[in-house]
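Chain by chain, the residues run as shown.
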Amino acid sequence: MSPDRNGDNAFLAVPPGADHRMEITVPASHTGGLFWYHPHHHGGVTQALRAGMAGALIVRGDIDLVDEVRAAAEKIMVLQAIELGPGYALAAPDPDPRPGAAFFPAARVLYPVNGALAPRLSCTRARSSGGGW
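Residues numbered from 1 in each chain as written. Predicted model: local features only at pLDDT ≥ 70, side-chain atom pairs only at ≥ 80, totals over all residues. Heavy atoms only, no water.

Take the pattern of salt bridges next. Throughout the structure, instances matching the rule amount to 3 salt bridges. Residues Arg-60 and Glu-74 are paired through a salt bridge, measuring 3.0 Å at the closest nitrogen-oxygen approach. With Arg-60 in the loop between strand E2 (55-59) and helix H2 (67-71) and Glu-74 in the loop between H2 and strand E3 (82-84), this pair connects stretches of sequence that are 14 residues apart. A single network of salt bridges, built from pairs that share partners, joins Arg-60, Asp-64 and Glu-74. (Salt bridge = Lys/Arg side-chain N within 4 Å of Asp/Glu carboxyl O. Helix = DSSP H or I, 4+ residues; strand = E, 2+ residues; numbered from the N terminus.)

Below, the structure written as structure tokens:
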């Protein structure tokens, strides 16, 4: 990707509370599938990931032409681990951890699903001749 205009610019800074529209062209020849995206801000990738700044990106393609894939119900779940320090603040990295200690100590780890904490998930079984879901 090119850092030109609103592309994949690792040095772009968007201030808290501000809006920014990303424009990334996916080539027609790109493989379809489910992909993972996250910020690439230089010097801050790890902290951003620890704060839950990532998600799923669906790219349509030849896989969507398969009858079984096209007929399947799409259910996307993004599972994350958000590492927090005391007082639920994002923990600062420890550049010189003692032996056996974590580089990023976490007093509490939250596990959101699609950004929600403790979501209610339900599953229904569909009857089929194959005995599957």
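That shown, we press on.
Once that is clear, we can look at the side chain of Gln-80. Topologically, Gln-80 is positioned in the loop between H2 and E3. Reaching out from Gln-80, the side chain makes a polar contact with the backbone oxygen of Gly-52 at a distance of 3.0 Å. Here the side chain of Gln-80 touches Ala-54 through a polar contact of 3.3 Å, landing on its backbone oxygen. Setting aside its immediate chain neighbours within four residues, Gln-80 contacts Gly-52, Met-53, Ala-54, Leu-110, Tyr-111 and Pro-112. (Polar contact = N/O pair within 3.5 Å; in protein donor to acceptor, adjacent residues only side chain to side chain. Contact = heavy atoms within 4.5 Å.)

Unlike most non-glycine residues, Asn-114 shows phi in positive territory, near 55 degrees. Looking at where Asn-114 falls in the secondary structure, it is placed in the segment after strand E4 (108-110). Positioned with a positive phi, Ala-118 is a non-glycine residue whose angle comes to about 50 degrees. Tracing the chain through its elements places Ala-118 in the segment after E4.

The residue Asp-64 is located in the loop between E2 and H2 in this model. Of the polar contacts made by the side chain of Asp-64, one reaches the side chain of Arg-60; its length is 3.4 Å.

Attention now goes to a nonpolar patch on the surface. Together, Leu-12, Val-14, Met-22 and Ile-24 give the surface a local cluster of nonpolar side chains, amounting to about 310 Å² of exposed area. Structurally, Met-22 can be placed in the segment before strand E1 (33-37). (Patch = residues over 30% accessible without salt bridge, like charges linked within 9 Å, V, L, I, M, F, W, Y side chains within 5 Å. Areas by Shrake-Rupley, 256 points an atom, 1.4 Å probe, with all protein chains shown as cover.)

What follows concerns the environment of Gly-33. Relative to the elements of secondary structure, Gly-33 occurs in strand E1. Overall, the relative accessible area of 22% leaves Gly-33 in the partly exposed class. Counting along the chain gives 30 residues from Gly-33 to Ile-63, while the straight-line C-alpha distance between them is 7.2 Å. Leaving out residues up to four positions away in the same chain, Gly-33 has contacts with Leu-57, Ile-58, Val-59 and Ile-63. (Buried < 20%, exposed > 50% of the residue type's maximum accessible area, 1.4 Å probe, protein only.)

It is worth stressing that arrangement in space is one thing and function is another; only the former is reported here.
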